[in-house]
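This is what each chain is made of:
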Amino acid sequence: MIVITGATGNVGQPLVELLAEAGHTVTAVSRGTSAPLPTRPGVATAVADLSDVATLAPVLAGADALFLLVSGAGAHVDGPALMKHAEAAGVRRVVLQSSQAVGTRPGAASHAPLVELEEAVRGSGMEWTILRPGGFASNALAWVPMVKEMNAVHAPFGDVALPVVDPLDIAEVAAAALTEDGHAGRTYEITGPVAITPREQVAEIAAATGRVVEFVELTPEAALHRMATFMPPAVAEGTLAILGHPTDAERAVSPHVEEVLGRPARGFGEWARRFAAAYEA
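Residues numbered from 1 in each chain as written. Predicted model: local features only at pLDDT ≥ 70, side-chain atom pairs only at ≥ 80, totals over all residues. Heavy atoms only, no water.

## Things to note about the packing of aromatic side chains
Note the following rule: Stacked, edge-to-face and tilted labels apply to pairs of Phe, Tyr and Trp rings (six-membered ring for Trp) whose centres lie within 6.5 Å, assigned for plane angles under 30 degrees, over 60, and everything in between, in that order. What counts as a helix is a DSSP run of H or I of at least four residues, what counts as a strand is a run of E of at least two, and both are numbered from the N terminus. For the exposure calls, accessible area comes from a 1.4 Å probe over protein chains only, and a residue counts as buried if that area is under 20% of its type's maximum, exposed if over 50%, partly exposed in between.
Evaluation of the coordinates by the stated rule reveals 2 aromatic pairs. Relative to tryptophan 271, the ring of phenylalanine 268 lies with its centre 5.4 Å away and its plane at 35 degrees, an arrangement referred to as tilted. Taken together, the residues phenylalanine 268 and tryptophan 271, both in helix H13 (residues 268–274) and 3 residues apart, mark about one turn of the helix. A single burial state applies to phenylalanine 268 and to tryptophan 271, both of which are buried. A ring pair is formed by tryptophan 271 and phenylalanine 275, whose centres lie 5.0 Å apart and whose planes are at 20 degrees; its orientation type is stacked.

## Points about helix H5 (residues 112–122)
Filter applied, for reference: This arc is built from the directions going out from the helix axis to the C-beta atoms. Every residue pair with non-hydrogen atoms within 4.5 Å of one another is taken to be in contact.
Within the span of H5, buried status applies to Leu114, Leu117, Glu118, Ala120 and Val121. End-on, the buried residues of H5 take up no more than an arc of 160 degrees, which puts them together on one face. Relative to its buried face, H5 has exposed residues pointing more than 90 degrees away, namely Glu116 and Glu119. If you follow the buried residues of H5, they end up packed against strand E4 (65–68), helix H3 (79–88), strand E5 (93–97), helix H4 (101–104) and strand E6 (127–133).

## Looking at the nonpolar core
Filter applied, for reference: Note on terminology: a nonpolar core comprises buried Ala, Val, Leu, Ile, Met, Phe, Trp, Tyr and Cys residues joined through side-chain atoms within 4.5 Å.
Within the largest apolar cluster, 30 residues are counted, with the highest numbers of intra-cluster contacts made by Ile4, Leu15, Leu19, Phe67, Leu131, Leu178 and Ile190. Among the elements of the structure, strand E1 (2–4), helix H1 (12–21), strand E2 (26–30), E4, helix H7 (167–179), strand E8 (186–190) and helix H12 (256–261) are those that each provide at least two residues to this core. A per-element tally of this core places H7 first, with 8 residues. When sequence neighbours within four positions are dropped, the list of residues in contact with leucine 178 reads Ile2, Ile4, Leu15, Leu19, Ala65, Leu66, Phe67, Arg93 and Val95.

## Side note on the packing of helix H9 (residues 220–227) against helix H10 (residues 233–244)
Formally: The axes used here are C-alpha line fits, helices contributing only the stretch in contact, and every angle between their N-to-C directions lies in the interval 0 to 180 degrees. Note on terminology: angles under 35 degrees are roughly parallel, angles over 145 are roughly antiparallel, angles of 65 to 115 are roughly perpendicular, and the others are oblique. Each crossing gets its hand from how the near helix is turned against the far one by less than a right angle, where anticlockwise is left-handed and clockwise is right-handed.
Running from N to C, H9 and H10 point in directions that differ by 140 degrees, and their axes come no closer than 9 Å. The angle between H9 and H10 falls in the class oblique. Crossing handedness for the pair H9 and H10: right-handed. Residues Pro220, Ala223, Leu224 and Met227 of H9 lie in contact with H10, whose contacting residues are Ala236, Glu237, Thr239 and Leu240.

So far we have only geometry, and geometry alone does not tell us how the molecule works.
Here it is, written out as structure tokens:
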């Protein structure tokens, strides 16, 4: 049995579907938010809060593998206690979704909790794999209201290119690491196949939807004010730093998706076509 935390998210939801379709028994776990958990044969559901690891202990009973995804860059999660619970339950394999910034921006306060969580995973007695994705293509879903209401996207750093990743690729790499041998002790950087600017992303959305969508440059100050309304200030500042002033490593395309899956990573245009209906008025 495979336990998937964050099962209602952009990665967790397709990961549950992939594993269930492959015939694995899955327990889909969420924090009990309003988002519905997957319901299909072979998938059990559970509510647990990783900030209170004791709530996860009953869910882990009988599990062979654990996909670990924490909210808020890992804040308020006791990594050593969580790993202790998992080992005691007999979990053999753990896959952690971390962040590219753990490697590219060591010492950044915004990702310090994830650094500690990675250390706890590596120090466990289980087979471990760490996934470090870059920026998500699905972050563009935050633009849906603007596209619907104004046929425009207001965003900062319109001409700074980053190789954003399709969450479905993260889910497929996670599925491989959870179910196949050969991934233990590996840390995978997960990116898209090419760097793309926000302005180019908007053009891809326009092409996918068949509507005219204007890109409007937002000042960094205005962007920070907007982002701070739905994420912790340190995380908002760290995210804005990556968007505006990426390191060479953050601009680089990683080979790990193709290495694990045997095919190139999906491009942003493919993601946009898959989610075009979300932008319809």
